[in-house]
Amino acid sequence: MSLKLGVPSKGRLMEKSFAWFEKRGITLSRTGSDREYAGHVDGVDGVSLVLLSAGEIPRELAAGRIHLGITGTDLVHEKLPRWEQQVQEVAPLGFGQADLIIAVPACWVDVDTLDDLDAASSAFRARHGHRLRIATKYHRLVREFLTDAGVADFALVDSQGATEGTVKNETAEAIADITSTGETLRANHLKILSDGVILKSQATLWRSRTAAYGPSEKKALDAIMERLG
Amino acid sequence: MRNRAETLELAARLRSHFEQAGAAAVETPILQPAETLLDLYGEDIRGRAYVTSDALRGEQMLRPDFTVPVVQKHMEHGAEPARYTYAGEVFRRQEHDPDRANEYIQVGYEVFDRTNPAAADAEVFALIFEALEGLQLRAATGDIGVLMAAVQGLRTTDRRKAALMRHIWRPRRFRALLDRFGGRAQMPPTRAALLEADDPMAIDVPFLGKRSKAEIAERIEALRADAAADPISETELAGLETLLSVRETMPFALEHLRDVAVDLPQINGALDRVEARIDALQARGVNVEKLDFEASYGRTSMEYYDGFVFGFYAERRPDLPPIATGGRYDALTRMLGNGAEIPAVGGVLRPDLMLEIKEAAR
């Protein structure tokens with residue numbers, strides 16, 4: 001059997017992951033046509049490349065179907081409640097930096113902290129008869145963060161994309177999403193709460209704690225770890 | 001997992017024990033409309049209950065407890081007074097501890113009676129106490145009503161009192177609010193700047209979203225009024241602190257709380273109810289001299305309780321959740337009653353845990 005390395009299957013995350021390994025003397029490449037998700041590993045023996053959606057990599061690591069995997073801290077924390085027991089952080093990769101934040105309309109001059117958000121939620125609910133809605137796809141992280149901070153009277157509404165637009169469209173009053181430069185937020189007239197950073201995320205190489213490591217997988221893992229220094 | 005047949009057998013025995021005490025057995029659907037539960041508990045419930053859905057009925061939850069459906073049933077067509085008992089599965093989503101059951105049997109006893117709340121409290125506690133006899137559990141009790149009375153009677157603005165009441169069940173935020181209203185915590189610099197600004201609404205970003213400009217202006221007004229209000233006095237703050245730290249056997253706790261009432265006289269009514277309950281428990285044969293009372297008990301895990309609260313714990317098994325819990329939830333009946341309300345108190349038992357403890361003791 002070989003050591004399975006899971007890497008995001010498309011876009012900049014894939015390119016940067018490939019480049020990161022290249023720098024360490026391990027060449028990852030896609031084989032076959034552009035549309036075929038098959039890959040090849042050179043520079044170290046006994047490793048096979050598995051191309052996956054970044055969102056599925058946490059689950060595959062937790063299930064032990066891949067031994068190593070690259071994905072964001074945000075996705076690991078959101079999808080694996082007991083991530084410390086299921087995966088081990090091998091190395092932060094220095095790209096894909098993004099913060100999971102809570103943002104509200106910039107026109108809410110009276111709201112700058114979670115304390116303000118809580119008070120505004122209370123008044124909002126009394127006025128409108130429903131809870132203040134926060135659009136997000138990070139339900140668990142956001143709920144735990146707000147509950148821990150003692151914010152009440154909010155409701156999470158699911159938004160899998162274009163989350164910044166939900167406020168203008170009045171399907172949500174605030175959002176919780178990933179941002180790297182804040183540009184999209186500004187363009188949509190939103191601002192980040194000053195204590196509203198839930199998580200700082202970046203692309204990270206993880207090792208599964210649940211996968212089976214036979215002699216050949218162990219050998220391949222040692223060889224990779226040696227390259228990483 | 002425990003032998004299910006044994007658990008069901010014990011559950012049936014407990015339920016018939018409660019029936020003999022005068023309760024009518026009730027059944028409730030396993031699937032509950034999610035909206036009611038979300039409205040009551042907020043987003044927290046999603047972390048604790050399984051949610052499912054279909055295109056016709058929308059979101060449904062696998063019953064996380066019986067209290068809500070039993071209250072609804074009673075409010076719809078129950079005669080007064082009423083006593084109910086039930087036994088069945090409840091479902092709790094577990095995200096942190098794989099050793100905690102996500103499905104287990106609960107047996108409960110609920111009393112809806114407006115004649116004598118102290119007697120009803122004692123009745124529920126004593127029945128559950130009896131059912132747990134021989135298991136050597138520690139009982140903890142408390143009364144959220146004492147803290148609520150203390151807050152409602154503070155000499156401060158109604159807005160502050162409402163904010164504190166809203167966070168009775170969130171001790172951290174409650175403390176933060178108290179520090180701010182008591183002038184112990186610094187105002188965040190952004191708020192100070194906002195209050196100093198001549199026209200804080202003069203900004204160069206568009207007003208958007210459902211929260212209107214008027215609502216923003218209203219909150220700024222509220223913040224200004226709050227900044228102008230006197231802080232809650234040191235005497236009252238110290239009284240609240242002492243109140244929250246009371247943790248003694250029942251008669252001593254009451255004595256201690258009567259001392260607190262010198263500074264916080266608003267709690268005397270609630271303390272009279274505690275005293276009446278002590279008498280009622282004694283009349284039921286409960287040894288109150290050995291019963292613990294913690295003034296802050298029940299603040300973190302029992303959001304709908306607003307009076308007497310209790311729990312039974314296996315001291316030698318700190319890994320286990322409480323074996324039984326219960327309390328008074330008058331406010332819940334108000335929220336579910338569409339204008340109607342009835343004082344209510346109840347408790348639930350976990351037969352699976354009772355068997356586990358019994359077995360370990362053998």
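These numbers come from a predicted model, not from an experiment.

Observations regarding the overall build of chain A
Scanning chain A from terminus to terminus reveals eight helices and 12 strands. Projected onto its principal axes, the C-alpha coordinates of chain A cover approximately 65 × 35 × 30 Å. In chain A, which comprises 229 residues, the share counted as buried stands at 44%. The long-range share in chain A, meaning contacts at least 24 apart out of those at least 6 apart in sequence, stands at 68%.

Structural notes on the interface of chain A and chain B
Facing 31 residues of chain A, the contacting portion of chain B comprises 30 residues. Contributions of two or more residues to the side of chain A that touches chain B are made by α5 (114-128), α6 (139-148) and β9 (154-158) of chain A. Ranked by residues supplied to the side of chain A that touches chain B, first place goes to α5 of chain A with six residues. Tallied by class, the residues present in the side of chain A that touches chain B amount to 14 nonpolar, seven polar and 10 charged.

What to know about helix α8 (residues 215-228) of chain A
All names here are of chain A. Its 14 residues place the ends of α8 20 Å apart at the C-alpha level, agreeing with the 20 Å of an ideal helix rising 1.5 Å per residue. Among the residues of α8, those classed as buried are Ala 220, Leu 221 and Ile 224. Seen along its axis, α8 keeps its buried residues to an arc of 100°; they face one direction. Away from its buried face, by an angle of more than 90 degrees, α8 presents the exposed residues Pro 215, Asp 222 and Glu 226. Turning to α8, the residues buried within the fold contact β1 (3-8) and β4 (47-52).

What to know about the UniProt feature "coiled-coil region" (unreviewed entry) in chain B
The positions UniProt marks with the feature "coiled-coil region" (unreviewed entry) are residues 264-291 of chain B. Its end C-alpha atoms 25 Å apart, residues 264-291 of chain B is made of 57% helix and 0% strand.

Some remarks on the confidence of the model for chain A
For chain A, per-residue confidence averages 93 on the pLDDT scale, and 98% of positions sit at 70 or higher. Predicted confidence in chain A is weakest over strand β3 (residues 38-42) of chain A, with a mean pLDDT of 88, and strongest over strand β8 (residues 132-136) of chain A, with 97.

Focus on the domain arrangement of chain A
All names here are of chain A. For chain A, the assigned domains are domain 1 (3-97 + 202-228) and domain 2 (98-201). Averaged C-alpha coordinates put domain 1 and domain 2 at centres separated by 32 Å. Facing the nine residues of domain 1 at the interface are nine residues of domain 2. It is helix α3 (residues 73-79) that provides the largest number of residues to the side of domain 1 that touches domain 2, a total of four residues. For the side of domain 1 that touches domain 2, the residue count by class is one nonpolar, six polar and two charged.

Some remarks on the domain arrangement of chain B
Note: interface size is frequently given as the accessible area lost on complex formation between the parts. Residue and element names in this part refer to chain B. Under the domain assignment used here, chain B contains domain 1 (1-135 + 358-362), domain 2 (138-183 + 233-313) and domain 3 (185-230). A straight line from the C-alpha centre of domain 2 to that of domain 3 covers 34 Å. Tallying the contact residues gives five residues for domain 2 and four residues for domain 3. For the side of domain 2 that touches domain 3, a count of residues per class yields no nonpolar, two polar and three charged.

Quick look at unusual backbone geometry
In this structure, the amide linkage connecting Glu 80 of chain B to the following residue, Pro 81 of chain B, adopts the cis form with an omega of -15°. Take Pro 81 of chain B: it is sitting in the loop between α4 (67-77) and β5 (82-91). With a phi close to 60°, His 189 of chain A is a non-glycine residue in the positive phi region. In this fold, His 189 of chain A is placed in the loop between α7 (183-187) and β11 (190-201). Phi angles above zero are rare outside glycine, and Asn 338 of chain B is one such case at about 50°. Judged by C-beta crowding, with 9 C-beta atoms within 10 Å, Asn 338 of chain B ranks as exposed.

Parameters and conventions
- Along each chain, residue indices are assigned from 1 in the same order as the chain's sequence is written.
- All chains are assigned letters beginning with A, and all ligands numbers beginning with 1, in the order in which they are written.
- Totals for whole chains, interfaces and linings use all residues, but because this is a predicted model, local features are given only for residues with pLDDT of at least 70 and pairs of side-chain atoms are given and counted only at 80 or more.
- Helix numbers and strand numbers start at the N terminus; a helix is a DSSP run of H or I with at least 4 residues, a strand a run of E with at least 2.
- Backbone-placed C-beta atoms define the burial measure: a residue is buried with 20 or more other C-beta atoms within 10 Å of its own, exposed with 12 or fewer, and partly exposed in between.
- We call two residues in contact if the C-beta atoms placed from their backbones are at most 7 Å apart.
- Any residue that is not Ala, Val, Leu, Ile, Met, Phe, Trp, Tyr, Cys, Pro, Asp, Glu, Lys or Arg is counted as polar, Gly included; the first ten are nonpolar and the last four charged.
- Each helix should span, by expectation, one fewer than its residue count multiplied by 1.5 Å.
- The arc in question is the one spanned by the directions pointing from the helix axis to the C-beta atoms.
- UniProt positions are given in the numbering used here, feature names are shortened, and annotations may be inferred rather than shown by experiment.
- Confidence scores per residue from the predictor, reported as pLDDT, run from 0 to 100.
- The domain boundaries here were taken from an automatic or database domain assignment.

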